[in-house]
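Results of the structural survey
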Amino acid sequence: MMRKVLLAAVASATMMLPFVGQAAEKLVLYTSQPNQDAQTTVDAFKAAYPDIEVDWVRDGTTKLMAKLGAEIAAGDPRPDVLLIADTVTLEGMKQQGQLQAYKSPEAKAYEPALYDADGYYYSTKLITTGIVYNTGVSRKPTSWKDLADPALKNQIVMPSPLYSGAALIHLSTLTENPDLGWDYYQALADNKARAQGGNGGTFKAVASGEKPYGVVVDFLALRGKADGSPVDFVFPSEGVTYVTEPVAILKTAKNVDVAHKFVDFVLSDKGQKLVLDMGYIPARNDMDLPAGFPARKDIKLMAFDPAVSLKNAEANKKKFAEMFGAE
Amino acid sequence: MQAVGRWLAASDRHVGGNRFSDRLLPLLFVPVIFISVLPMLRLAAEGLFVQGMPSLDYLRDVMQSSQTWRATAHSLYTAALGTAISVLIGGAFAFLVALTDIRAKAALVFCFMIPMMIPPQITALAWVQLTGPSSALLNAIGMAPALGSPQPLYSAEGIALLLGIQHASIVFLTLRANLRLLPREQVEAARLAGARGGRLWWQVILPLTSPGLIAGTAMAFVTALGNFGIQAMLGIPGNYITLPTLIYRKLSSFGPAALGEVSVLAMLIGVIAVLGVLLHHHLLGKRDYRLMGVVGRPLDIRLGARRVIVEIALWAVLIAILVVPLMALVATSLVPAFGVRLGIDNFSFDAFYQVLFVQPATIRAFHNSLILSVGAAIVLVGICLPLAYVIVRRPTRLTKLVNLLVEIPYALPGVVLAIACILLFIRIPVLDISLYGTLAIIFVAYLARFLIIALRPVMNSFMQLDPALEEAAQACGAGLARRLRDILLPLAAPAAAAGALLVFLTAFNELTVSALLWSAGNETLGVLIFNLDDSGDSVLASAVAVLVVGVVIALMTGFQLASRHLPKGVIPWQS
């Protein structure tokens, strides 16, 4: 009996021994895109470069950063390329010397605000944050200020900058805006807006009617609406805040040439067409917008600087936590 | 610390020592130290070193933050209240099912096991949907709260309620293993001596079953302490921070200090878990209710006219803890889009089609999870049988320490255990191989996490065995190997099998440990569910979860049907 148990243990352990040896050309990608989008991106890249093998891991930015943090602490970071939610995280990594620069020839088709001047990271798409509401309500909001109306007390939910990178950028953008500033956040706090958790939870709360008004990223709301969820999305009149899902190469990348190819690919016409097909706003200037979005010229982006946001991040979080009594 | 030291030094008494075998016993701890203790030490190092130099900076930062202590107080409160609820529900079920003459016991117990198999995140989601404004059920009876009204579950008591429900089966199982050994003769003797009703329960049955009850309570407490799913789903929106959610938040603000602070918070959880276990040992140490070890006929207390009331109450609890979340889960998997109310005309099986036939990851994940959970169950039984024997019969400082340490990987939030495993196994010193990026690292993490689940039932059954049996065999010249084979193993086998089955069922849809450890091709079912839900595909996530619960129920049914060919006690839920 004991021998059988041991045999089985040994057998199962041997089965799981690491594979030794690597393909000639390989890329290790960590991305926070939703599952299906990540698969689509990888498939398209492999179709363009059939000889390159891609190992990819998809997870939320938080988890991915925890995983990468542990890898770095253990002295063996695995990924060559990161394709994750926001420039502030990458700006932080750049300043800690964890990234390497690459001047992509594709950059000329992009607004200078959308990539790092030294070539450390490039935005690949625009994910804007606007207002979502449950279609069961009678008042339809049109501007950020509408959420400050005391009539909406207890009705608002939004992602917390303590948990979500996009929400921190949102906070940073709005509080830097002279017309809104911290007064606006105070008004939201007075309205008892619930600011806990991330975008997914916010969308669920609005779609299920638990909180009829919310602040959420565009694609969650617009996809949900297209699928039939009882929600609608508003691009507020003051403009939208945005994150850009930037791509960057790690300093420790083992496959630098392939990493360059990948960066060029996601920034190319073809790569940006994928972004469009997935239902996001491509970062490249000359691209159309997906169905359900207004024309590019009608989407007003609010001014945002990743370096400033990074510098104020801790102070902003602290002030926010005090104001909302958040822990 | 002094108290711990004194306690460790307390007793080195041996029960029937055998010098040769005793010298070999510490070897048993080698695998345990490798899979369970080393990762914890490596993680602790992360908190006690800053850039390679020993430093108390992280420790000071974390210990000086008022937030840490608020989170600790919240964790203690929710875990304690949750445990009380678990003990109430699980204990009542175990006693009534094991000792009274209620009907349909097999069905009751079978159903009672299932809530543990539904991932906590899903349970929380189901309850929030059930009690929220869009609740199909409450809307149907016109009692749904208005849009935007506060959700009562987003509170300390809400968290405790769901923790209590989720872990009730743990108390049930541990206690039941104990009740199984309760000899009818002893209770009948008490009855003959005039004990009746309450007195019989308080003075005979409860003391006799207290080891199981205390063990179950300790286990439920430790589980509740480390549960991340419920605390995150209810605590984060409710602005009620506990240690696991505080850790999660530290990790969200990525920076060089994140891992260090997480490590310190993990140590804090570890300390609380160890204190809980010490209390458990302290309570157990005062009692010695060893039973003969021969399973007598089960008790059969007649409830008479109250039987129907008890049966109705039990089934009502089952409907609340099983049917409700299961219905919500199935409903979410069938809607065309999140938030749409499910009706007779709009349901869709598209999500099932997607996960089963379009995305190859589902089948791969089923395959991986099956290998991992079966492997973990087999290996853990192999480790636990001798380990439990040594801990129970050869209490030395080392055994006591190991007995405490194996509790910690189970009490930590899964994410933290995963980080510890990455740090240690990304490049194993000396051997210079890496487990990271393979199924092996998930396997090792599972061994560390579920060791305690397999160990406790076996320890319990060794504790109940009267050492007289073994001493008699020894007096006749039987060596340790012979005693193990002929006396101890046959008596402990049911508990070991029950533990293995429990490990298998828990590991099969484990969510948070594998979430950080997976890599391309190595998805587990938990990873799949987590990732789908996390990227906004809650409907697909629910579909996978429905499939998982379906498979688990099918497997349990299989075991149930096979049970007549298996020794009594192997199937943990069987009457």
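None of the values given here were measured: they were computed from a predicted structure. (Residues numbered from 1 in each chain as written. Chains lettered and ligands numbered in written order. Predicted model: local features only at pLDDT ≥ 70, side-chain atom pairs only at ≥ 80, totals over all residues. Heavy atoms only, no water.)

**Some words on the overall build of chain B**
The condition that has to hold: Helix numbers and strand numbers start at the N terminus; a helix is a DSSP run of H or I with at least 4 residues, a strand a run of E with at least 2. The buried label goes to any residue with under 20% of its type's maximum accessible area, the exposed label to any with over 50%, and the partly exposed label to all in between, with areas taken from a 1.4 Å probe on protein chains only. Only heavy atoms matter for contacts: two residues are in contact if any of them lie within 4.5 Å across the pair. Accessible surface area values rest on a Shrake-Rupley calculation with a 1.4 Å probe, where residue burial reflects the displayed protein chains alone.
If you tally the helices and strands in chain B, you get 26 helices and 2 strands. Looking at chain B as a whole, 60% of its 575 residues are labelled buried. Taking the contacts inside chain B whose residues are at least 6 apart along the sequence as the reference set, 80% of them involve residues at least 24 apart. Carbon together with sulfur atoms contributes 68% to the accessible area of chain B, which is approximately 22,100 Å² in total.

**Quick word on the overall build of chain A**
Inclusion rule: In this description the radius of gyration comes from C-alpha coordinates, and the expected globular size is given by 2.2 Å times residues to the power 0.38. His is not counted, nor are the chain ends; Lys and Arg add positive charge and Asp and Glu add negative charge. A charge is said to be at NZ when it belongs to Lys, at CZ for Arg, at CG for Asp and at CD for Glu.
Summing up its helical and strand segments, chain A has 11 helices and 12 strands in all. The globule rule puts the C-alpha radius of gyration for 327 residues at 20 Å, and the 22 Å found for chain A is close to it. Expressed along its principal axes, the backbone C-alpha trace of chain A runs to roughly 70 × 60 × 40 Å. Out of the 327 residues belonging to chain A, those deemed buried represent 61%. In chain A, the proportion of contacts linking residues at least 24 apart, taken out of those at least 6 apart, comes to 75%. Split by element, the accessible area of chain A, about 13,000 Å² in all, is 54% carbon and sulfur. Computed over 35 positive and 39 negative side-chain charges, the inter-centroid distance for chain A is 5 Å.

**Looking at the pattern of salt bridges**
Which entries qualify depends on this criterion: Any Lys or Arg side-chain nitrogen located within 4 Å of an Asp or Glu carboxyl oxygen qualifies as a salt bridge.
Considering all chains together, one arrives at 25 salt bridges over all chains under this definition. For Arg194(A), the salt bridge identified is with Glu210(A), shortest N-O distance 2.7 Å. Pair noted here: Arg194(A) is in the loop between helix 6 (181-190) and helix 7 (199-207) and Glu210(A) is in the loop between helix 7 and strand 8 (213-217), with a separation of 16 residues, a long-range link. Glu311(B) is paired through a salt bridge with Arg103(B); the nearest N and O atoms lie 2.8 Å apart. Highlighted residues: Glu311(B) in helix 15 (residues 306-334) and Arg103(B) in the loop between helix 5 (66-99) and helix 6 (105-113), separated in sequence by 208 residues. With a relative accessible area of 10%, Glu311(B) lands in the buried category.

**Structural notes on the interface of chain B and chain A**
Put simply, the test is: Note: buried area is the sum, over both parts, of the accessible area (probe 1.4 Å) each one loses when the two are combined.
Counting from both sides, the interface comprises 64 residues of chain B and, opposite them, 63 residues of chain A. For the chain B and chain A pair, buried surface summed over both sides reaches about 5,400 Å², with 62% attributable to carbon and sulfur atoms. Joining chain B to chain A, the criterion identifies 1 salt bridge. Note that Asp76(A) and Arg427(B) form a salt bridge whose closest N and O atoms lie 3.6 Å from each other.

**What to know about the packing of aromatic side chains**
Inclusion rule: Only Phe, Tyr and Trp rings take part, Trp by its six-membered ring, and two of them pair if their centres are within 6.5 Å. Stacked means planes under 30 degrees apart, edge-to-face means over 60, and tilted covers everything else.
Summed over all chains, the structure comprises 24 aromatic pairs over all chains. Pairing Tyr115(A) with Tyr122(A) gives two aromatic rings, centres 5.6 Å apart and planes at 25°, and the pair type is stacked.

**Observations concerning helix 9 (residues 256-267) of chain A**
To be explicit about the condition: Expected helix span is given by 1.5 Å per residue-to-residue step, counting one fewer step than there are residues.
For helix 9 of chain A, built from 12 residues, the straight-helix expectation of 16 Å at 1.5 Å per residue is met to within 8% by its first-to-last C-alpha distance of 17 Å. The complete set of buried residues in helix 9 of chain A reads Val258(A), Ala259(A), Phe262(A), Val263(A), Asp264(A), Phe265(A), Val266(A) and Leu267(A).

**Thoughts on unusual backbone geometry**
Of note in this structure, Asn154(A) is not a glycine but carries a positive phi near 65°. A positive phi angle, close to 55°, is found at Lys192(A), a residue other than glycine.

**Points about the packing of helix 17 (residues 361-393) of chain B against helix 23 (residues 480-508) of chain B**
Residue and element names in this part refer to chain B. To keep it simple, the criterion reads: Each axis is a line fitted through C-alpha atoms, taken for helices only over the stretch in contact, and angles between the N-to-C directions span 0 to 180 degrees. Handedness of each helix crossing follows the sense of rotation of the near helix against the far helix: counterclockwise by less than a right angle gives left-handed, clockwise gives right-handed. Ten residue types, Ala, Val, Leu, Ile, Met, Phe, Trp, Tyr, Cys and Pro, are classed as nonpolar, four, Asp, Glu, Lys and Arg, as charged, and the remainder, Gly among them, as polar.
Remark: helix 17 packs on helix 23, axes separated minimally by 8 Å, with the N-to-C direction vectors making an angle of 145°. Handedness of the crossing formed by helix 17 with helix 23: right-handed. In this structure, helix 17 contributes Phe366, Ser369, Leu370, Ser373, Val374, Ala376, Ala377, Leu380, Val381, Leu385, Tyr389 and Arg393 to the contact, and helix 23 contributes Leu480, Arg483, Leu488, Leu489, Ala492, Ala496, Ala500, Val503, Phe504, Ala507 and Phe508. Residues belonging to the contact of helix 17 with helix 23 are distributed by class as follows: 19 nonpolar, 2 polar and 2 charged.

**Notes on a nonpolar patch on the surface**
All names here are of chain B. To keep things clear, this is the line we draw: Like charges within 9 Å and nonpolar side chains (Val, Leu, Ile, Met, Phe, Trp, Tyr) within 5 Å are joined into patches, using only residues over 30% in relative accessible area that form no salt bridge.
On the surface, Ile33, Phe34, Leu38 and Leu41 cluster together into a nonpolar patch covering about 320 Å² of accessible area. Residue placement: Ile33 occurs in helix 3 (residues 29-48). Of the residues examined, Ile33 reaches a relative accessible area of 35% and is grouped as partly exposed.

**Some details on the environment of Asn134(A)**
Residue and element names in this part refer to chain A. Along the chain, Asn134 turns up in strand 6 (residues 125-134). By relative accessible area, Asn134 is classed as buried at 7%. C-alpha of Asn134 to C-alpha of Tyr213: the two residues are 79 residues apart in sequence and 6.5 Å apart in space.

**Considering the pairing of strand 6 of chain A**
All names here are of chain A. Filter applied, for reference: Strands are labelled as partners when DSSP assigns at least two bridges between them.
Of all 10 residues in strand 6, 10 are buried; the element is thus mostly enclosed. Across 2 bridges, strand 6 lies against strand 12 (residues 281-282) in antiparallel orientation. By the bridge assignment, Leu126 is partnered in strand 12 with Ile281. By the bridge criterion, 3 bridges tie strand 6 to strand 10 (residues 241-243) in an arrangement that is antiparallel. In the strand pairing of strand 10, Thr129 is matched with Thr241. Relative to strand 8, strand 6 runs antiparallel, the two sharing 5 bridges. Following the sheet pairing, Gly130 is matched in strand 8 by Val216. The pairing of strand 6 with strand 9 (residues 231-234) spans 4 bridges and is antiparallel. Within strand 9, the position partnered with Ile131 by the bridge is Val234.

**Thoughts on the nonpolar core**
Formally: Nonpolar cores are built from buried Ala, Val, Leu, Ile, Met, Phe, Trp, Tyr and Cys residues. Side-chain atoms within 4.5 Å join them into one set.
Grouped together as the largest cluster of nonpolar side chains are 233 residues, with contacts concentrated most on Leu147(A), Tyr185(A), Phe320(A), Phe324(A) and Ile419(B). The next biggest cluster of nonpolar side chains, apart from the first, holds 61 residues, and it includes Val42(A), Val217(A), Val231(A) and Ile281(A).

**Looking at helix 9 (residues 156-179) of chain B**
Three or four residues apart is the spacing at which side chains of an α-helix point the same way, because the helix has 3.6 residues per turn. Residues and elements named next belong to chain B. Spelled out, the test is: Here the bend at a residue means the angle between the axes of two seven-residue stretches, the one that ends at it and the one that starts at it.
Look at helix 9: 33 Å from first C-alpha to last across 24 residues, which is about the 34 Å you get at 1.5 Å a residue. The sharpest bend along helix 9 measures roughly 40° and falls at His167. For helix 9, a buried count of 21 out of 24 residues is recorded, marking the element as mostly surrounded by other parts of the structure.

**Considering the environment of Leu278(B)**
Here Leu278(B) shows up in helix 14 (residues 257-285). Remark: the alpha-carbon pair of Leu278(B) and Lys400(B), spanning 122 residues in sequence, is separated by 10.0 Å.

**A short note on the UniProt feature "domain: ABC transmembrane type-1" (unreviewed entry) in chain B**
Selection rule: UniProt positions are given in the numbering used here, feature names are shortened, and annotations may be inferred rather than shown by experiment.
UniProt marks residues 72-280 and 366-557 of chain B with the feature "domain: ABC transmembrane type-1" (unreviewed entry), using the numbering shown here. With 79% helix and 0% strand, residues 366-557 of chain B has end C-alpha atoms that lie 18 Å from one another.

**Examining the side chain of Thr68(B)**
Residue and element names in this part refer to chain B. Here Thr68 is to be found in helix 5. Classification of Thr68 by relative accessible area gives buried; the value is 3%. Filtering out sequence-adjacent residues up to four positions away, Thr68 remains in contact with Val62, Leu243, Leu246, Leu265 and Leu268.

**As for the environment of Leu90(A)**
Residues and elements named next belong to chain A. Structurally, Leu90 is set in helix 4 (residues 87-95). Along the chain, Leu90 and Tyr120 lie 30 residues apart, while their C-alpha atoms are 8.3 Å from each other. Ignoring sequence-local partners within four residues, the contact set of Leu90 consists of Leu82, Ile84, Leu99, Tyr121, Pro246 and Ala248.

**Description of the confidence of the model for chain A**
Close inspection of predicted coordinates is inappropriate for parts of the model with low pLDDT. Selection criterion: What pLDDT conveys is the predictor's confidence in a given residue, as a value from 0 to 100.
Mean pLDDT over chain A works out to 88, with 92% of the residues at or above the 70 mark. Every residue in residues 10-23 of chain A is under pLDDT 50, and counting partners more than four places away or in other chains gives 10 contacts.

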